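# Topology and contacts: notes
Here are the chains, one letter per residue:
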Amino acid sequence: MIGLLLSLTAQAPLPAARPCTAAEVQALTAADTTPYRLTCRAELKGGRATRPILIQGAEASGAGIDCGGGSLGRPGFPVTTREPTVAVWSRAEGAGFSRPRDVYLRNCTLHGAVRVWGMGAGGSMSDLLASSRTADHTAATQGAAPTRIALDRISFMATGSIPLYVGPGVTALSLADSRFSGRSVSVAVYLDAESRENSLIRNVFDIRTGREQVAVDGSASNRISGNRFNLRGRGGIFLYRNCGEDGVIRHQTPSDNIIVDNVFTGANWLRPQTVVVGAREGRRNYCAADRGYPFGSSADDGDRAERNLVERNRIER
């Protein structure tokens with residue numbers, strides 16, 4: 001189903017695949033605190049854009065920013081889930097969603113956080129909650145979410161909030177040759193429920209986190225390889241299904257993921273916890289919040305993490 005969706009969307013034109021005008025670049029880099037809606041391809045040539053950036057809806061498909069070594073966001077400024085540094089969001093339209101695709105960020109220092117989100121974008125969870133009560137929730141969520149988002153050579157300077165949140169249903173996001181530093185009260189990268197076929201390749205995680213560094217929550221068929229993690233005694237990559245949180249039923253299991261050739265330093269001596277497959281198994285007090293339906297985490301609180309390939313990962317002391 002996902003392959004068919006991606007094939008169909010690949011044939012449609014990209015309305016934002018054009019160079020930004022000088023006026024648009026000037027507006028993007030203006031000293032303004034209101035979000036800038038990006039619908040073109042900007043080259044900052046080493047400059048900086050401090051205002052929040054919103055890449056939303058199908059009209060933003062093909063948009064991107066090449067910082068040329070420049071920066072996005074305000075150094076040290078705490079961002080929120082509702083107003084991150086860069087938001088790549090879908091928008092509800094009638095009975096469906098307008099989603100952006102083929103978006104890129106590259107060669108940037110990014111202060112704060114990136115949020116890629118479909119259903120539930122901006123904090124309203126009602127559409128996601130209602131969809132989770134239907135049997136075809138996984139396909140519906142993936143069809144509503146942004147797809148083919150490329151993050152390349154990004155230096156994430158985290159300021160408390162999760163620096164990269166890959167929301168429900170997001171498919172084919174790639175993060176490559178990037179680096180995480182600063183601090184997060186939670187994790188560095190979150191792959192949320194029903195997301196699929198995303199990749200984390202050749203990245204460096206040198207960030208202080210409150211939890212594990214990568215959370216794979218009901219996300220499937222992802223590839224996490226060639227990364228280097230400085231754990232500072234915390235966990236590395238955790239695979240689980242967060243049953244019942246906010247009442248949303250998790251349908252997909254954290255299965256068919258490929259986690260290979262990663263290096264971990266700073267692991268806990270007694271419990272290294274570099275890659276943990278099945279990290280929760282229902283051990284949360286809100287698991288009962290999604291009861292009453294014959295599918296997903298409503299019927300079974302277990303993680304059901306299956307067919308995951310975990311090989312050639314190593315700990316360096």
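Look a little higher up for the structure.
Described in the following lines is the structure provided in the data block. (Residues numbered from 1 in each chain as written. Predicted model: local features only at pLDDT ≥ 70, side-chain atom pairs only at ≥ 80, totals over all residues. Heavy atoms only, no water.)

## Thoughts on the pattern of salt bridges
Side chains that differ in sign of charge can pair as their charged atoms come close. Tallied over the entire structure, the rule returns 24 salt bridges. The salt bridge involving R101 is made with D102; its shortest N-O contact spans 3.1 Å. In this structure, E316 engages R228 in a salt bridge whose closest nitrogen and oxygen atoms are separated by 2.7 Å. Residue E316 is located in strand 28 (residues 314-316), and its partner R228 is located in strand 22 (residues 228-230); the two are separated by 88 residues in the primary sequence. For E316, a relative accessible area of 28% corresponds to the partly exposed category. Salt bridges sharing common partners tie together E59, R91 and E93. (Salt bridge = Lys/Arg side-chain N within 4 Å of Asp/Glu carboxyl O. Helix = DSSP H or I, 4+ residues; strand = E, 2+ residues; numbered from the N terminus. Buried < 20%, exposed > 50% of the residue type's maximum accessible area, 1.4 Å probe, protein only.)

## Structural notes on the state of the cysteines
Scanning the entire structure with this criterion turns up three disulfides. Two residues share a disulfide in this structure: C20 and C40, whose sulfurs sit 2.0 Å from each other. Handedness here is read from the sign of the S-S torsion; for C20 and C40, about 90°, the answer is right-handed. Highlighted residues: C20 in the loop between helix 1 (2-10) and helix 2 (22-28) and C40 in the loop between strand 1 (36-37) and strand 2 (41-43), separated in sequence by 20 residues. (Disulfide = S-S within 2.5 Å.)

## Overview of the sheet that holds strand 1
Read from one edge to the other, the open sheet built from nine strands follows the order 1-4-7-11-13-16-20-23-26, with strand pairing classed as parallel. Edge positions in the sheet fall to strand 1 and strand 26 (275-277), since each has one partner strand and no second. Pairing between strand 1 and strand 4 (residues 53-56): two bridges, direction parallel. Considered in strand 4, the bridge of Y36 is made with I53. (Pairing = 2+ DSSP bridges.)

## Considering the pairing of strand 11 (residues 114-117)
The side-chain alternation of strand 11 yields two buried faces, one formed by V114 and V116 and the other by R115 and W117. Both strand 7 (residues 86-89) and strand 11 contribute to a ladder of four bridges, which runs parallel. Bridging from a neighbouring strand, V86 pairs with V114 of strand 11. Where strand 11 and strand 13 (residues 164-166) come together, three bridges link them in parallel fashion. Pairing of V116 across the sheet is with V166, part of strand 13.

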